[in-house]
Structures are given as C-alpha cells and as structure tokens.
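Each chain, written out:
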Amino acid sequence: LVDLAGSERVKRSEAEGVAFEEACAINTSLTTLGRCISALAAQGKAGRPPFRETKLTRLLSSSFGGRSATVLVVCVAPSQLDSFETVNSLQFGQQAMAVRVRAVANATVDYRALCAELLHQLDGALAPARKAEGRLCADLGAQLDSVVHLSSELAELHLECDALRWATEDA
C-alpha cells in the first residue's frame, strides 16, 4: 500500500530550506511516475518507461510494469481552491486506467513431487542400460565359468606334462 499524497505547491505551502528540497523531490518523483504511467498506457509507442529515475518509480515498477494486480485510489477535494490538483489527479487516474497489466499468480513448486517425477524419469532412462548390464553380466558369468574350467584343465595338463617329463628323465 503506497500513499502518494499530492504534489507540493511551494507558493501555497511557502516551504523553505529542507522542506523546499523535499517538495522538489516529491514533485520530481510524481512527475516521473506520471511519465512512467504515460509510457505504459501508450503500450510501447512512447518508448521505455523511466522507472530508474527516482526511488518512487523504482519501488512501484513491479506494481505498474510487472505482473501484479494493482489498485489505484484517487482522492479529490471538493473545494474550488483545490480544483487544479483535483483535475490533475483525475487525469492521472484516467491515464493509469489505460495501463494493461497481466497479473499472473506466482507458481508454487512442490519439490517432493518434482523430485519424485525426476527420479521416475531417471529410472525410465536408466532401465535399458540396467537390462543390458544384466545380460552382459550373465554372458560374462558363463564365459568366466568357461575360463575357470579351462584354467583347471590347463593346470591338470601341466601336472601330467611334469609327471611325463620326470618319468622320461628317470628312464
């Protein structure tokens, strides 16, 4: 909730010194806000809105130029003395109504569901590799059994060969 107050009429308030500087800063901020609203209402025809020129417009940039729902309440005074400010406020409000903002609800992320979904996708992607690994291990197991069997036969043949060599050397 932001209360923009109104423009400071220095002649009327007779501000001096620090109050005068504050009044100038307020008027500059409100003028820049008006230029931002004009640029947004023109929908790109008036160039880029000058959001970075003042603190006020920087603060309100997400409200007017972002994706948030914004409500503007314009307060006016019924006295003839304030008619200039009233007309300006109503013109500002009318221009602000021309700004089209696309409000979008922020998406909430269910990290547990996202994690479960990613794990499911990972399992699906790894399933063929695991199946191939199983077949490969089965084939390698059979070949390893064959190698072990051949290795034991080789050891037996070495023993027979040594026995025959000793038998021929003794004879």
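Look above for the structure.
These numbers come from a predicted model, not from an experiment.

### Examining the side chain of Thr-54
You can see Thr-54 is positioned in the loop between helix H2 (18–41) and helix H3 (55–65). Not counting residues up to four positions away in its chain, the partners in contact with Thr-54 are Thr-28, Ser-29 and Thr-32.

### Thoughts on the nonpolar core
Judged by nonpolar contacts, the single largest core of 13 residues is most densely connected at Leu-33, Ile-37, Leu-40, Leu-56, Leu-60, Phe-64 and Val-99. Examining the composition of this core, we find that six residues originate from one element, H2, more than from any other. Contact partners of Phe-64, with chain neighbours within four places excluded, come to Leu-33, Ile-37, Leu-40, Thr-70, Val-99 and Val-101.

### Topic: the packing of H2 against helix H4 (residues 83–97)
One can describe the packing of H2 onto H4 by two numbers: an axis separation of 8 Å at closest approach and a directional angle of 35 degrees. By crossing handedness, the relation of H2 to H4 is classed as left-handed. On H4, the residues that touch Leu-33, Gly-34, Ile-37, Ser-38 and Ala-41 of H2 are Phe-92, Gln-95 and Ala-96.

### Section: the pattern of salt bridges
In a structure, side chains of opposite charge can pair up when their charged atoms sit close to one another. This model, assessed by the stated rule, comprises three salt bridges. Its salt-bridge partner being Asp-123, residue Arg-130 comes within 3.7 Å of it at the nearest N-O pair. The exposure class assigned to Asp-123 is partly exposed, which follows from its relative accessible area of 41%. The partner of Asp-162 in a salt bridge is Arg-165, with the nearest N and O atoms 3.4 Å apart. In this pair, Asp-162 and Arg-165 are both assigned in helix H5 (residues 111–170), three residues apart and thus about one turn of the helix distant.

What counts and what doesn't
- Residues numbered from 1 in each chain as written.
- Predicted model: local features only at pLDDT ≥ 70, side-chain atom pairs only at ≥ 80, totals over all residues.
- Heavy atoms only, no water.
- Helix = DSSP H or I, 4+ residues; strand = E, 2+ residues; numbered from the N terminus.
- Contact = heavy atoms within 4.5 Å.
- Core = buried A, V, L, I, M, F, W, Y, C linked by side-chain atoms within 4.5 Å.
- Buried < 20%, exposed > 50% of the residue type's maximum accessible area, 1.4 Å probe, protein only.
- Axes fitted to C-alpha atoms, helices over the stretch in contact; angles between N-to-C directions.
- Left-handed = near helix turned anticlockwise from the far one by under 90°.
- Salt bridge = Lys/Arg side-chain N within 4 Å of Asp/Glu carboxyl O.

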